[in-house]
Amino acid sequence: MKRLIFTFISMCTLSWALPLVSQQEVSFGDPTKSSQDIIDLSAYGAALLGKPDQELTGARVANLSADSDVNPEELGSYLEGDILVPQPAITMRNGMVSQSLRWPNGVVPYRIIGDFDEQELSIIKSAMEDYHRRTCIRFVPHSGEEDYITIDSDFSGCWSAVGRIGGRQRLNLQIPGCLRRYGTVLHELMHALGFLHEQSRMERDDYVTINYENIRPKAWKNFRKADITEAFGVPYDFDSLMHYSARAFSWNGQPTITIKVSCPTDY
């Protein structure tokens, strides 16, 4: 299993690895300005929108074996496997679903509404505490804020919107499949904070080869790279928590991603 590495750009103001471009100048010195930074997701268009999928995605996650080398968040029918803005949210922020925002001051109000048992709740809370220890991001219990996340456990896989889309936004961790791996919880929380996938970086072809012959044809779109990305000086990271596994979306069990340069850890 891949080493769990946080690709955090700033310990005081969280930025995004990819493929996100702020439409305003980023001020790392003043975290209070972070709420004004916009993540441009327009390249994804309507593919961001959808409904939780129980029939296909829920069944895939439910049937995933504990020792599989594919991550549960890669099994979804959603954009890139686990990115979803539920359709009822399209009326928020005047319908500007192609954009999302940073969380003001790095504070993310949340409510846990899923049917999680004590151990599963402990995993979620531990993931949040990891952010608290390593960054200035703070997950705080919802106390009436207009914008907040709810963490649910529907039979629809592992998924989240990207960044702050406005109002109540859902993050789903199907039980037990999405909580068998600690990294899955961290991964979905990172989406909610504003991160996309590592292999979408514009320079990814310098580091990895995408083996389209092994990818399910309907999943080819999940491997497109962004035209412009901003990594704030952080190099490409094979071990990023946001990197696909080697056989993600494979139809034949063969690798869909292979590395071009030596990697210091198993991939």
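Only a predicted model underlies this, so the values are computations on that prediction, with no experimental measurement involved.

1. Observations regarding helix α1 (residues 54-62)
Line of reasoning, step 1. Of the positions making up α1, those classed as buried are T57, G58 and V61. Looking straight down α1, one finds its buried side chains confined to an arc of 95°; they lie on one side.
Line of reasoning, step 2. For α1, the side-chain oxygen to backbone nitrogen distance between the N-cap and E55 is 3.3 Å, and the N-cap itself is D53.

2. Thoughts on the packing of aromatic side chains
Line of reasoning, step 1. If you walk through the whole model with that rule in mind, you get nine aromatic pairs.
Line of reasoning, step 2. Ring centres of Y236 and F238 lie 5.5 Å apart, and the angle between their planes is 70°; on these two criteria the pair is classed as edge-to-face. Residue Y236 shares its accessibility class with F238, and that shared class is buried.
Line of reasoning, step 3. An aromatic cluster of at least three residues, connected via ring pairs, comprises Y207, Y236 and F238.

3. Notes on the sheet that holds strand β5 (residues 107-112)
Line of reasoning, step 1. With mixed pairing, five strands are arranged side by side in an open sheet as β6-β5-β7-β9-β8. Sheet topology places β6 (138-141) and β8 (158-160) at the edges, where each strand pairs with a single neighbour. For this sheet the average axis-to-axis angle between neighbouring strands, irrespective of direction, equals 30°.
Line of reasoning, step 2. Inspection of the sheet shows β8 paired to strand β9 (residues 168-173) by three bridges, in the antiparallel sense. Each residue of the ladder has a partner; that of C158, found in β9, is L173.

4. Some remarks on the UniProt feature "binding site: Zn(2+)" (unreviewed entry) in the chain
Line of reasoning, step 1. The UniProt entry lists H187, H191 and H197 under the feature "binding site: Zn(2+)" (unreviewed entry), expressed in the numbering used here.
Line of reasoning, step 2. Relative to the helices and strands, H187 resides in helix α3 (residues 182-193).
Line of reasoning, step 3. Take H187: its relative accessible area is 2%, and that puts it in the buried class.
Line of reasoning, step 4. Leave out the neighbours within four places in its chain, and H187 touches E73, D82, H197, L241 and M242.
Line of reasoning, step 5. On the secondary structure map, H191 appears in helix α3.
Line of reasoning, step 6. Relative accessible area serves as the criterion here: at 0%, H191 is assigned to the buried category.

Here is what the cut-offs are and how they apply
Residues numbered from 1 in each chain as written. Predicted model: local features only at pLDDT ≥ 70, side-chain atom pairs only at ≥ 80, totals over all residues. Heavy atoms only, no water. Buried < 20%, exposed > 50% of the residue type's maximum accessible area, 1.4 Å probe, protein only. Helix = DSSP H or I, 4+ residues; strand = E, 2+ residues; numbered from the N terminus. Arc of directions from axis to C-beta. Polar contact = N/O pair within 3.5 Å; in protein donor to acceptor, adjacent residues only side chain to side chain. Phe/Tyr/Trp six-rings, centres within 6.5 Å; stacked < 30°, edge-to-face > 60°. Pairing = 2+ DSSP bridges. Axes fitted to C-alpha atoms, helices over the stretch in contact; angles between N-to-C directions. UniProt positions renumbered as here; feature names shortened; annotations may be inferred. Contact = heavy atoms within 4.5 Å.

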